[in-house]
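What the coordinates show
The primary structure of each chain is shown beneath.
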Amino acid sequence: MSWMFLRDLLSGVNKYSPGIGWIWLAVMFIFRLLVYMVAAEHVWKDEQKEFECNVRQPGCENVCFDYFFPISQVRLWALQLIMVSTPSLLVVLHVAYREGREKRHRKKLYVSPGTMDGGLWYTYLISLIVKTGFEIGFLVLFYKLYGGFSVPYFMQCDLKPCPNTVDCFVSKPTEKTIFILFLVITSCLCIVLNFTELSFLVLKCFIKCCLQKYSKKLKSSVCECHNLRYVKYGEMGAPPLLQKHRLDSAMSTAQEGETKTLMSPVRVEMGRMAVVENCGRLCLSVQSNRKLKKWTPES
Amino acid sequence: MDWGTLHTFIGGVNKHSTSIGKVWLTVIFIFRVMILVVAAQEVWGDEQDDFVCNTLQPGCKNVCYDHFFPVSHIRLWALQLIFVSTPALLVAMHVAYYRHEAARRFRRGEKRGEFKDLEDIKQQKIRIEGSLWWTYTCSIFFRIIFEATFMYVFYFLYNGYHLPWVLKCGIYPCPNLVDCFISRPTEKTVFTIFMISASVICMLLNVAELCYLLLKVCFRRAKRAKTQRNPPNHALKESKQNEMNELISESGHNAVTGFPS
C-alpha cells in the first residue's frame, strides 16, 4: 500500500468528473501528490536528527522537539492529501451502486450510471462540500499548531529536563517554509476550484429547473402535434390564415359540431385562435381562458 | 505517485506534438528526470549530514547550512521539472475536450460520416490547427518562461552555478566567522552544469518549436491567400464542365418538350 493505491483509486474518479473536477484532479496529482513524494518528503527526512539544542542535557532535545512539533508538518500534509481525496470515492461508490442495481434488475434504470443526475448529483455535491471542509480544516489546524505557516530557524525552550531557556535550532527552516507555503497555495487553489465547481453545478441545476418550468407553461398554450387525430370545432370557424395553406388532409371550413381531420389537432373551445407553425406543420394555438381538452376517438 | 506517473500524463500528449516536441519530451525524461533520480539524488543525499562547520557550537551548522542552501538543488530541479512539464497538460485538456465534444456529437448522430465508432475518435490524431494551435503555442511559451525563471532563481540563490568547497559563516549562534565545508563540491558542480545545459537545450528546443509553429501558420496563410487570388486549373476546369453540363441538360429538356433550343 502506497501512494500508488490512492492514485489508482482517484484515476477512477476521473471518468465521472465534469471539466473543473478534472482540473482539480490534475492539480491534486501533480502539484500536491507528486511534489510531496519527490521533494517534500525528503526535506523532512532527518528533522529530528538535525534538531539541535544548545545544551548537553540528555532528554532536553527530545522534549523540546516534541513540544514544538507535536505532529510533523509532512505527516499532517500526508493526512490532508488522504482526507481530501477520499470524498471523491463517494461518487465512485454511488456509480458502482447504480451499476449493481442495473445488473440486479436486469434492465436499464438510468441514462448512464455515470450521468450526473438525480442522486448522483447530490452525492457529487456532498463530496465537494466535504472536500472543501477538509481543506479549510487542515489549513486552520496547520495555522493553529505551528503559529503560522513559516518555520523559524531557532526556538527557545525551557521545558524539563532543560536546565534553563535554551536555543533549539531546526534543520532547513527556509526550505520547509517554502514547501509549506507551496502546500498552502495549492490548498487554496483546490478550495477555489471546489467552490467554482459547486457554484457551477448549482447554477446549472437552477437554470435547468427554470427552463423546464418555462417550457411547461409554454406547452400548455401550444397544441400537441402527435397525440390527437381529430379536432372538433367550437363556435368559431376556421381561421382565415389556415385556408391559405395547403395541408395534406385538407381542412374545410369549420362548422359547429363538425369533426374535421387535421394534421395537428386540438379540441377548440371558446376563445381566439391563432395559427402557429409547429414541428414544420401548421397547428392551432388556442389562447383560451378554458383548459384545453384532449379529444380522442374513443370519447 | 512518482515520475513514472508524470511520464504517463505527459506521454499522452506526445501523440499530438510536433517532432520537435517529441524530441523535447525525450530530453526531459532521459537527460533530466532520469539523471535526477538515479544520480543527482545520490550525490545530494548526504548534503546536510556531511556539511561540517569548524565549531562545536550547537546550532551553528544548521543555521549556516540554511543560510547557504535555502532550497536544495535537488528540490529546485524537481520543482522545475514539474512546472516545465505541466503546460503540456493544457494541450491534454484541450484534446480531451475536443474528443468529448466529438463523442457527444457522434452519439447524437451528427458526425457518423467522419468517424466509424467511438474508438475511432479516441485513436484519431488531432492536427495542431485552430484553437489547438493557440493552446499548444501558449504551452510552449509557458515552458520557456518557467525554464528561464528557474535558471535565474538558481543563479540568484547560489551566486552562479559553481559550488565552492569552503564557505564562511558568522550568523548567530556561531561564535565568530567559522569555516563551513560542503560535501562533494566538485561532483555537485558537474551535475549542476549538466542539468543547466540540459535546461538550455530544452529551452532552445522550445524556441525552435515555437518558430516552427509560427512559420507553419504563415506558410499556410500565404498558400490560402494565393489559392484565393489564383484558383487552380482543376477548379477552372470543373466550373467550365458544369457550364457545359447545364447547356446540355437545357437543350435536352427543350428537345423533350418540343421547344426549339
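The residue numbers shown here count from 1 along each chain, following its written sequence. Here every chain gets a letter starting at A, and every ligand a number starting at 1, in the order they are written. Per-residue local features of the predicted model are confined to residues with pLDDT of at least 70, and side-chain atom pairs are confined, for both listing and counting, to 80 or more; whole-chain, interface and lining totals are unaffected and use all residues. Computation of side-chain values covers all heavy atoms of the structure but excludes hydrogens and water.

**What about the interface of chain B and chain A?**
To be explicit about the condition: Residue contacts are defined here by distance: any two heavy atoms, one from each residue, within 4.5 Å place the two residues in contact. Buried area is a sum: the accessible area each of two parts loses on coming together, probed at 1.4 Å, counted once for each and added. A side-chain nitrogen of Lys or Arg and a carboxyl oxygen of Asp or Glu constitute a salt bridge if their distance falls within 4 Å. Any pair of N or O atoms that falls within 3.5 Å is considered a polar contact. Within protein, one atom must be able to donate a hydrogen and the other to accept it, and sequence-neighbouring residues count only if both atoms are side-chain atoms. Secondary structure follows DSSP: runs of H or I at least 4 residues long count as helices, runs of E at least 2 residues long count as strands, and numbering of each begins at the N terminus. Three classes are used: nonpolar for Ala, Val, Leu, Ile, Met, Phe, Trp, Tyr, Cys and Pro, charged for Asp, Glu, Lys and Arg, and polar for all others, with Gly counted as polar.
Each side of the interface is counted separately: chain B has 31 residues, and chain A has 36 residues. Across the chain B to chain A interface the summed buried area is about 3100 Å²; carbon plus sulfur atoms make up 66%. Taken together, chain B and chain A are joined by three salt bridges. The partner of Arg 75 of chain B in a salt bridge is Glu 175 of chain A, with the nearest N and O atoms 2.8 Å apart. The tally of links from chain B across to chain A stands at 10 residue pairs in polar contact (both at pLDDT 80 or more). Of all the secondary structure elements, the ones that give two or more residues to the side of chain B that touches chain A are helix 1 (3-14), helix 3 (60-68), helix 4 (73-85) and helix 5 (87-108) of chain B. The residue makeup of the side of chain B that touches chain A, split by class, is 17 nonpolar, nine polar and five charged.

**Re the UniProt feature "domain: Connexin cysteine-rich" (unreviewed entry) in chain A**
We count it as follows: UniProt positions are given in the numbering used here, feature names are shortened, and annotations may be inferred rather than shown by experiment.
The UniProt feature table records "domain: Connexin cysteine-rich" (unreviewed entry) at residues 134-201 of chain A. Measuring from the first to the last C-alpha atom of residues 134-201 of chain A gives 20 Å, for a span that is 62% helix and 12% strand.

**Here's the deal with a nonpolar patch on the surface**
Residue and element names in this part refer to chain B. Keep this limit in mind: For patch building, the residue pool is restricted to those with more than 30% relative accessible area and no salt bridge; the joining distance is 9 Å between like charges and 5 Å between nonpolar side chains (Val, Leu, Ile, Met, Phe, Trp, Tyr). Shrake-Rupley sampling with a 1.4 Å probe provides the accessible areas, and residues are treated as covered by the protein chains on show and by no other component. Each residue gets one of three labels from its accessible area relative to the maximum for its type: buried under 20%, exposed over 50%, partly exposed in between, using a 1.4 Å probe on protein chains only.
Taken together, the side chains of Ile 30, Phe 31, Met 34, Val 37, Val 38 and Phe 194 present a nonpolar region at the surface, about 510 Å² in accessible area. Along the chain, the position of Val 38 falls in helix 2 (residues 19-43). With a relative accessible area of 51%, Val 38 lands in the exposed category.

**Re the UniProt feature "domain: Connexin cysteine-rich" (unreviewed entry) in chain B**
Sequence positions flagged by UniProt for "domain: Connexin cysteine-rich" (unreviewed entry) are, in local numbering, residues 146-213 of chain B. The span residues 146-213 of chain B is 62% helix and 12% strand, and its two end C-alpha atoms sit 20 Å from each other.

**Description of the pairing of strand 2 (residues 166-169) of chain B**
Residues and elements named next belong to chain B. Rules: Should DSSP find at least two bridges between two strands, the strands are regarded as paired.
Residues Leu 167 and Cys 169 line the buried face of strand 2, whereas the alternating positions Val 166 and Lys 168 sit on a face that is not buried. Note: strand 2 against strand 3 (residues 178-181), four bridges, orientation antiparallel. Paired with Val 166 across the bridge in strand 3 is Phe 181.

**Side note on the sheet that holds strand 1 (residues 52-53) of chain B**
All names here are of chain B. In plain terms, the rule: Axis lines are fitted through C-alpha atoms, for helices just across the contact stretch, and the angle between N-to-C directions can take any value from 0 to 180 degrees.
Reading across the sheet, the three strands line up as 1-3-2 and stay open at both edges, with antiparallel pairing between neighbours. Strands at the two margins of the open sheet, each flanked by one partner only, are strand 1 and strand 2. Against the sheet, helix 3 touches strand 1, strand 2 and strand 3, its axis set at about 110° to strand 2.

**Concerning unusual backbone geometry**
Of note, the amide linkage connecting Lys 160 of chain A to Pro 161 of chain A takes the cis form, showing an omega dihedral of 5°. Pro 173 of chain B follows Tyr 172 of chain B through a cis peptide bond whose omega is 10°. Looking at the element boundaries, Pro 173 of chain B is found in the loop between strand 2 and strand 3. If you check the backbone angles, Lys 172 of chain A has positive phi at about 50° while not being a glycine. Note that Lys 172 of chain A resides in the loop between strand 3 (166-169) and helix 7 (173-220).

**Focus: the UniProt feature "domain: Connexin N-terminal" (unreviewed entry) in chain A**
UniProt's feature table lists "domain: Connexin N-terminal" (unreviewed entry) at residues 42-75 of chain A, given in the numbering used throughout. The span residues 42-75 of chain A is 41% helix and 6% strand, and its two end C-alpha atoms sit 12 Å from each other.

**Looking at helix 3 (residues 60-68) of chain A**
All names here are of chain A. Our working rule: Arc, as used here, means the arc of the directions from the helix axis to the C-beta atoms.
Within helix 3, burial applies to Cys 60, Cys 64, Phe 65 and Phe 68. For helix 3, the angular spread of the buried residues around the axis is 120°, confining them to a single face. On the buried face of helix 3, the contacting elements are strand 1 (52-53), helix 6 (119-146), strand 2 (154-157) and strand 3.

**So, the state of the cysteines**
Residue and element names in this part refer to chain A. Condition: Cysteine sulfur atoms are paired as a disulfide whenever they come within 2.5 Å of each other.
If you walk through the whole model with that rule in mind, you get six disulfides over all chains. Sulfur-sulfur distance for the disulfide between Cys 53 and Cys 168 comes to 1.9 Å. One quick way to see it: the torsion about the S-S bond of Cys 53 and Cys 168 is about 105°, and its sign makes the bridge right-handed. With Cys 53 in strand 1 and Cys 168 in strand 3, the pair connects residues that are 115 residues apart, well separated along the chain. Neither residue differs from the other here; Cys 53 and Cys 168 are each classed as buried.

**Observations concerning the pattern of salt bridges**
Opposite charge on two side chains permits them to pair, given that their charged atoms come into close proximity. All names here are of chain A. Taken as a whole and assessed by the stated rule, the structure comprises nine salt bridges over all chains. One salt bridge connects Arg 32 with Glu 135, and the closest N-O pair in it is separated by 2.7 Å. Pair noted here: Arg 32 is in helix 2 (residues 19-43) and Glu 135 is in helix 6, with a separation of 103 residues, a long-range link. Of the two residues examined, Arg 32 and Glu 135, each falls in the buried class.

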